[in-house]
Amino acid sequence: MSIKRQLSLTLLFSIFLTACGASSAPTTAPATKAQPQTLTVFAAASLTDAFTEIGAAFDAAHPNVTTTFNFAGSQALRTQIEEGAPADVFASASSKEMETLVTGTFVGADVSQVFLSNKLVVILPVDNPAVLEKLEDLANPGIKIVLAAEEVPVGKYARQALDLMDASFGTGYKDKVLANIVSNEDNVKQVAAKVQLGEADAGIVYMSDVVAAPELKSIEIPAELNVIAKYPIALLIKSENADLAAKFIEYVLSAEGQAVLAKWGFAPIK
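Below is a summary of the structure that appears in this document. Quick caveat, the model's predicted, so the values are computed rather than measured. (Residues numbered from 1 in each chain as written. Predicted model: local features only at pLDDT ≥ 70, side-chain atom pairs only at ≥ 80, totals over all residues. Heavy atoms only, no water.)

## Considerations on the nonpolar core
The nonpolar side chains of soluble globular proteins are, as a tendency, buried together. For the record, the criterion: Nonpolar cores were defined as sets of buried Ala, Val, Leu, Ile, Met, Phe, Trp, Tyr and Cys residues, with membership established by side-chain atoms within 4.5 Å. Classification of residues uses two cut-offs on accessible area relative to the type maximum, computed with a 1.4 Å probe and protein chains only: under 20% is buried, over 50% is exposed, and between them is partly exposed. A run of H or I in DSSP becomes a helix once it reaches four residues, and a run of E becomes a strand once it reaches two; helices and strands are each numbered from the N terminus. By the convention used here, residues are in contact when the closest approach between their heavy atoms is within 4.5 Å.
In this structure, L47, F51, F115, Y231 and L261 are the most contacted members of the largest nonpolar core, which totals 69 residues. For this core, the element with the highest residue contribution is helix α5 (residues 153-169), accounting for six residues. Ignoring anything within four residues of it in the chain, the contact list for L261 reads L47, A50, F51, I54, F115, L116, V252 and F266. Judged by nonpolar contacts, the second largest core, of twelve residues, contains F42, A72, M98 and V107.

## A look at the layout of surface pockets
So the rule is basically this: In this analysis a 1.4 Å probe is tested at points of a 1 Å grid over the protein atoms alone, and where it fits but cannot get out there is a cavity; an open set with protein on both sides within 12 Å along at least five of seven lines is a pocket; lining residues have an atom within 4 Å of a point. Grid points are joined across faces, edges and corners, and a volume is the space filled by probe spheres set on the points. Put simply, Ala, Val, Leu, Ile, Met, Phe, Trp, Tyr, Cys and Pro go in the nonpolar bin, Asp, Glu, Lys and Arg in the charged bin, and everything else, Gly too, in the polar bin.
Each pocket or cavity is described by its volume, and for the largest pocket that value is around 220 Å³. Around the largest pocket, the lining is made up of 14 residues, and of these A85, P86, A87, K238 and S239 lie nearest the centre. For the lining of the largest pocket, the class distribution of residues is six nonpolar, five polar and three charged.

## Thoughts on the environment of N187
Selection criterion: Think of a polar contact as two N or O atoms within 3.5 Å of one another; within protein, one of them needs to be a possible hydrogen donor and the other a possible acceptor, and neighboring residues in sequence only count if both atoms come from side chains.
Along the chain, the position of N187 falls in the loop between β7 (181-185) and α7 (188-196). As a C-alpha pair, N187 and A44 span 143 residues in sequence and 8.4 Å in three-dimensional space. Here the side chain of N187 touches K189 through a polar contact of 3.0 Å, landing on its backbone nitrogen.

## Let's talk about empty space enclosed by the protein
As enumerated under the stated definition, the model contains one cavity of 30 Å³ or more in all. Estimates place the volume of the largest cavity at around 60 Å³. Around the largest cavity sit 13 residues that line it, and A45, G73, A93, V152 and V188 are the ones nearest its centre. A per-class count over the lining of the largest cavity returns nine nonpolar, four polar and no charged.

## A word on the packing of helix α2 (residues 48-61) against helix α9 (residues 242-253)
Keep this limit in mind: Working convention: axes come from line fits to C-alpha atoms, limited for helices to the stretch in contact. Angles between N-to-C directions cover 0 to 180 degrees. Roughly parallel means an angle under 35 degrees; roughly antiparallel, over 145; roughly perpendicular, 65 to 115; everything else is oblique. Two helices crossing with the near one rotated counterclockwise from the far one by less than a right angle form a left-handed crossing, whereas a clockwise rotation gives a right-handed crossing.
At their nearest, the axes of α2 and α9 sit 11 Å apart, and the two run at 120° to each other. With respect to α9, the element α2 is oriented oblique. At the point where α2 passes α9, the crossing takes the right-handed sense. Of α9, the residues touching α2 (which contributes F51, I54, G55, A57 and F58) are L244, K247, F248, Y251 and V252.

## Quick word on the side chain of E97
You can see E97 is positioned in helix α4 (residues 95-103). Judged by relative accessible area, which is 3%, E97 ranks as buried. Each residue touching E97, except ones within four places of it in the same chain, is listed here: S74, Q75, R78, F90, S92 and E151.

## Considering the packing of aromatic side chains
Going by this rule: We call Phe, Tyr and Trp rings a pair once their centres come within 6.5 Å, taking the six-membered ring for Trp, and we label the pair stacked below 30 degrees between planes, edge-to-face above 60, and tilted otherwise.
For the structure on display, the rule yields eleven aromatic pairs. On the basis of an interplanar angle of 55° and a centroid distance of 6.3 Å, the ring pair of F58 and Y251 is categorised as tilted. Of the two residues, F58 sits in helix α2 while Y251 sits in helix α9, which places them 193 residues apart along the sequence. Overall, F58 belongs to the buried group, its relative accessible area being 0%. Among the aromatic residues, those joined into a cluster by ring pairs are F51, F58, F69, F71, F115, Y206, Y231, F248, Y251 and F266.

Below you can see the structure in the form of structure tokens.
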């Protein structure tokens, strides 16, 4: 065999080996990008400010996650869930609404947990045109009072507090106060808004609403006449983002989440 032919065969063999080596080399699969997720949280209106802040922090810690909120009266949110509205987490201002969803198998038994409490307070407009100074003044004739409707948790709690005041201030006190009601609202934020706009002389809301509107004046309701709201939170059975919903609830219960709630006037459960 000539040297020229031998060199040609050697070159062809080298090219063949190189091609085989290239074809057998492992390939690196392109990194898969995490799919965006949307977490839907139904929460009592009184949680608006605190949960908006918590949601922003949660999203910042979980790239590709967007937390959306539906804030309303707990009774309205419960009805929406019963009618099929998609949601992952429900945070209520009343155990009654949560228990109703457990009975309807929208929330698992023994899944919900109370994560904070809230107390009642009387709010007044900045200029306080009715010159209200104490709880007894709410029974003065001609006072314009706005409460949440009876079926709204804060409306129910307010009326329970009036029962306690009636026993303390004298029979007939509650009836006089109720006679002064000019509006029954669908949620606590609407009560606060009416007072802020000067459409009422007083309203009964949560302490968290006073923190959210520091310009308003207020009359404290002493512990023996107050009604403490306890808020349960739970993952919904039909959630399509159960793992993410569980992480959100875990964050709400964490030291960081509880610190945000405390900042907005809520109290921890002891």
